[in-house]
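Descriptive analysis of the structure
Chain residues, written in single-letter form:
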Amino acid sequence: MRIAVLALQGDFAEHEAVFHRLGIPTCQLRQKSDLELDFDALVLPGGESTVQGKLLRELEMFERVRSLIKEGLPVMATCAGSILLAEQLLDDPTVHLGTMGITVRRNAYGRQLSSFHTVGDFAGIKDVPMSFIRAPQIESCTSDVEILAGYNGQITAARQENQLAMTFHPELGTDCRIAEYFLSEML
Ligand code: GLN
């Protein structure tokens, strides 16, 4: 088994470190030819969605990544990655991959709350550390999207079949349980 991590920008190394702690090999997707590698799942890391979307297009990786997800490749997206998956952004005509039935508001927590840390439940897993960094919010989702976590009444993690989107960063600490959920429930 091998997990591909989109490594154009953002905190891809932290995601790789989580899988390495679990003994799972990873590979980095940095250019079009990397999409021919053998992998069983994809991670879209946090970072800056505008930059990531632009690079995906400029490097001609966009269409292949999109069709792999549409064909059912398991994908785990955090923060900016969730913005890439969203079929709609609030007050913003931009759509990147647009494969997931979620509507997302970028930088939704405002300035003073733009970064914070909490713990919460995720799909029945208790007290998972959650770091929100200039985080988006999932404002709404289509009826086939399952809500897996929330914070203050807002959706912070959601799943639609092969796609898992989180507005926080589970990969920044030492807790590997969300990666374990992804491996056991989605691969
Ligand atoms: N604010 C960033 C964006 O809009 C996302 C932040 C993050 O990934 N931590 O892309």
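Before reading further, recall that the structure is shown in the block above.
Everything in this summary refers to the structure shown in the same document. All residue numbers refer to positions counted from 1 along the written sequence of the respective chain. Local features are withheld for residues below a pLDDT of 70 in this predicted model, meaning they are given only at 70 or higher, and side-chain atom pairs are given and counted only at 80 or more; totals for whole chains, interfaces and linings count all residues. Based on all heavy atoms of the structure, the side-chain values leave hydrogens and waters out of the count.

Thoughts on the environment of glutamate 16
Secondary structure counts use DSSP, requiring at least four H or I residues in a row for a helix and at least two E residues in a row for a strand, with both numbered from the N terminus. Among the secondary structure elements, glutamate 16 is positioned in helix α1 (residues 12-21). Overall, the relative accessible area of 9% leaves glutamate 16 in the buried class. Residues glutamate 16 and isoleucine 3, 13 residues apart in the sequence, show an inter-C-alpha distance of 8.4 Å. Once residues within four sequence positions are removed from consideration, glutamate 16 is found in contact with Val5, Thr26, Cys27 and Gln28. Categorising residues by exposure relies on relative accessible area from a 1.4 Å probe, with only protein chains included: less than 20% of the type maximum marks a residue as buried, more than 50% marks it as exposed, and the intermediate range marks it as partly exposed. Note on contacts: a residue pair qualifies if any of its non-hydrogen atoms lie within 4.5 Å across the two residues.

Remarks on the side chain of aspartate 34
The topology assignment puts aspartate 34 in the loop between β2 (26-29) and β3 (41-44). Engagement of the side chain of aspartate 34 in a polar contact is seen with the backbone nitrogen of arginine 30, the distance being 2.7 Å. If sequence neighbours within four positions are ignored, aspartate 34 has contacts with Gln28, Leu29 and Phe39. A 3.5 Å cut-off defines polar contacts: any pair of N or O atoms within that distance qualifies, except that in protein one atom must be a possible hydrogen donor and the other a possible acceptor, and neighbouring residues in sequence count only when both atoms are side-chain atoms.

Some thoughts on the site of the ligand
To be near a molecule or strand, a residue needs just one of its heavy atoms within 4 Å of it. The local shell around the ligand consists of Gly46, Gly47, Glu48, Ser49, Cys79, Ala80, Ile83, Arg106, Asn107, Ile133, Arg134 and His169. In the model, an oxygen atom of the ligand is placed 3.0 Å from a nitrogen or oxygen of the alanine 80 main chain. Contact distances for the ligand include 2.9 Å between a nitrogen atom and a backbone N or O atom of arginine 134. Surface burial for the ligand is 98%, taken as the share of its 300 Å² of free accessible area covered by protein chains. In terms of residue class, the shell around the ligand is built from four nonpolar, five polar and three charged. Exposure was quantified through the Shrake-Rupley algorithm and a 1.4 Å probe, taking into account, for residues, occlusion by the shown protein chains and nothing else. The nonpolar class holds Ala, Val, Leu, Ile, Met, Phe, Trp, Tyr, Cys and Pro. Asp, Glu, Lys and Arg form the charged class, and all remaining residues, Gly among them, are polar.

Regarding the pattern of salt bridges
The salt bridge criterion pairs a side-chain nitrogen of Lys or Arg with a carboxyl oxygen of Asp or Glu, the two atoms within 4 Å. Tallied over the full model, the rule gives seven salt bridges. Measuring nitrogen to oxygen at the nearest pair gives 3.4 Å for the salt bridge that ties lysine 32 to glutamate 60. Highlighted residues: lysine 32 in the loop between β2 and β3 and glutamate 60 in the loop between α2 (49-58) and α3 (62-70), separated in sequence by 28 residues. Take glutamate 60: its relative accessible area is 53%, and that puts it in the exposed class. A salt bridge links lysine 126 to aspartate 121, with the nearest nitrogen and oxygen atoms 3.1 Å apart. The partly exposed category is assigned to aspartate 121, whose relative accessible area is 34%. Bridged by salt links that share partners, the residues Glu48, Arg106 and Arg134 form one connected network.

Things to note about the state of the cysteines
By definition, disulfides here are pairs of cysteine sulfur atoms that lie within 2.5 Å. One pass over the full model with this rule turns up zero disulfides. We note that cysteine 176 lacks a disulfide partner, and the nearest cysteine sulfur, in cysteine 27, lies 19 Å from it.

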